[in-house]
Amino acid sequence: MATANKNLSNYDKNTIPNAKDFRFGIVVSEWNDKITEGLYSGAEAALLDCGALPENIIRWNVPGSFELVYGAQRMIVTQEVDCVITVGCVIKGETMHFEFVCEGVTQGIKDLNVQTDVPVIFCLLTDNTEQQSIDRSGGIHGNKGTEAAIAAIKMADLRRNTSQQTISDN
């Protein structure tokens, strides 16, 4: 297990750009809200801890994880954000629904990263049990939302630092 004996919430602020001048979108699935609220709290706390201004953190809720892709796309188009974090949780059940949702969201977020100029961070827990999700949304393994926020800051900084470059510049 990749997260065994690891706390996902640990980061070194000295290695992270200041987030003061960035605008972040966070799209949160209402499905499995006990988990997604924990992930959102971790993401928001890390963004604020790293200098983001509260008014520069925009939260939108969507009904389920499958809707995260559309929510992220609309946020990119309408909110002038530097990065979007998608927060969801899919827990494996007895049907193929788990695989279809996970694959669709994964591919959709990948597509947004390729097709738009705004990074989209994947914070979708895909666990076998509710306890595994609890452990990763503020439990014994820390908070994957915190990890997503740190990735968002780094990607927003990368976007800003490379915004003047084109593919032909490389």
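Residues numbered from 1 in each chain as written. Predicted model: local features only at pLDDT ≥ 70, side-chain atom pairs only at ≥ 80, totals over all residues. Heavy atoms only, no water.

Glancing now at the overall build of the chain. Of regular secondary structure, the chain possesses 5 helices and 6 strands. The secondary structure elements of the chain, listed N-terminal to C-terminal, are β-α-β-α-β-α-β-α-β-β-α. Rg of the C-alpha trace for the chain: 16 Å, near the compact-globule value of 15 Å for 170 residues, within the 12% margin. When its C-alpha atoms are laid out on the principal axes, the chain stretches across 50 × 30 × 30 Å. Classification of the 170 residues of the chain by burial places 44% in the buried group. Nonlocal contacts in the chain, meaning residues at least 24 apart in sequence, comprise 79% of its contacts between residues at least 6 apart. Of the roughly 9,100 Å² of accessible surface on the chain, 51% is carried by carbon and sulfur atoms. The averaged location of the 22 negative side-chain charges in the chain is 3 Å from the averaged location of its 14 positive side-chain charges. (Helix = DSSP H or I, 4+ residues; strand = E, 2+ residues; numbered from the N terminus. Rg over C-alpha atoms; globule rule 2.2 N^0.38 Å. Buried < 20%, exposed > 50% of the residue type's maximum accessible area, 1.4 Å probe, protein only. Contact = heavy atoms within 4.5 Å. Areas by Shrake-Rupley, 256 points an atom, 1.4 Å probe, with all protein chains shown as cover. Lys, Arg positive; Asp, Glu negative; His and termini not counted. Charge placed at Lys NZ, Arg CZ, Asp CG, Glu CD.)

This part takes up the UniProt feature "active site" (unreviewed entry) in the chain. With numbering aligned to this structure, UniProt lists the feature "active site" (unreviewed entry) at His97. As for its position among the elements, His97 is in helix H3 (residues 97-115). For His97, a relative accessible area of 54% puts it in the exposed group. (UniProt positions renumbered as here; feature names shortened; annotations may be inferred.)

Time to look at the UniProt feature "binding site: 5-amino-6-(D-ribitylamino)uracil" (unreviewed entry) in the chain. As recorded in UniProt, the sites labelled "binding site: 5-amino-6-(D-ribitylamino)uracil" (unreviewed entry) are Trp31, Ser65, Phe66, Glu67, Cys89, Val90, Ile91 and Phe122. In the annotation above, Trp31, Ser65, Phe66, Glu67, Cys89, Val90 and Ile91 are the residues that line the largest pocket. Tracing the sequence through the fold places Trp31 in the loop between strand S1 (24-29) and helix H1 (33-49). Assessed through its relative accessible area of 60%, Trp31 is described here as exposed. Every residue in contact with Trp31, bar those within four places of it in the chain, is listed here: Thr36, Pro63, Gly64 and Cys89. Take Phe122: it is sitting in strand S4 (residues 120-127). Judged by its relative accessible area of 35%, Phe122 is partly exposed. Not counting the four nearest positions on each side in its chain, Phe122 is found in contact with Thr86, Val105, Thr106 and Ile109. (1 Å grid on protein atoms, 1.4 Å probe; cavity = no way out; pocket = protein on both sides within 12 Å on 5 of 7 lines; lining within 4 Å.)

Before going further, it helps to examine the state of the cysteines. Tallied over the full model, the rule gives 0 disulfides. Sulfur of Cys102: no disulfide; nearest cysteine sulfur belongs to Cys89 and is 9.2 Å away. Unpaired in terms of disulfides, Cys123 finds its nearest cysteine sulfur in Cys89, a separation of 9.7 Å. (Disulfide = S-S within 2.5 Å.)

The space that makes up the largest pocket amounts to roughly 250 Å³. In terms of lining, the largest pocket is formed by 16 residues, of which the most central are Trp31, Cys89, Val90, His97 and Val101. Class assignment for the residues of the lining of the largest pocket results in 8 nonpolar, 6 polar and 2 charged. Taken as a whole, the second largest pocket encloses approximately 200 Å³ of empty space. Lining the second largest pocket, in full, are Asn113, Thr116, Asp117, Val118, Pro119, Met155, Leu158, Arg159, Thr162 and Ser163. For the lining of the second largest pocket, the element with the highest residue contribution is helix H5 (residues 144-162), accounting for 4 residues. Looking at the lining of the second largest pocket residue by residue, the classes come out as 4 nonpolar, 4 polar and 2 charged. (Points joined across faces, edges and corners; volume = space filled by probe spheres on them. Nonpolar A, V, L, I, M, F, W, Y, C, P; charged D, E, K, R; others polar.)

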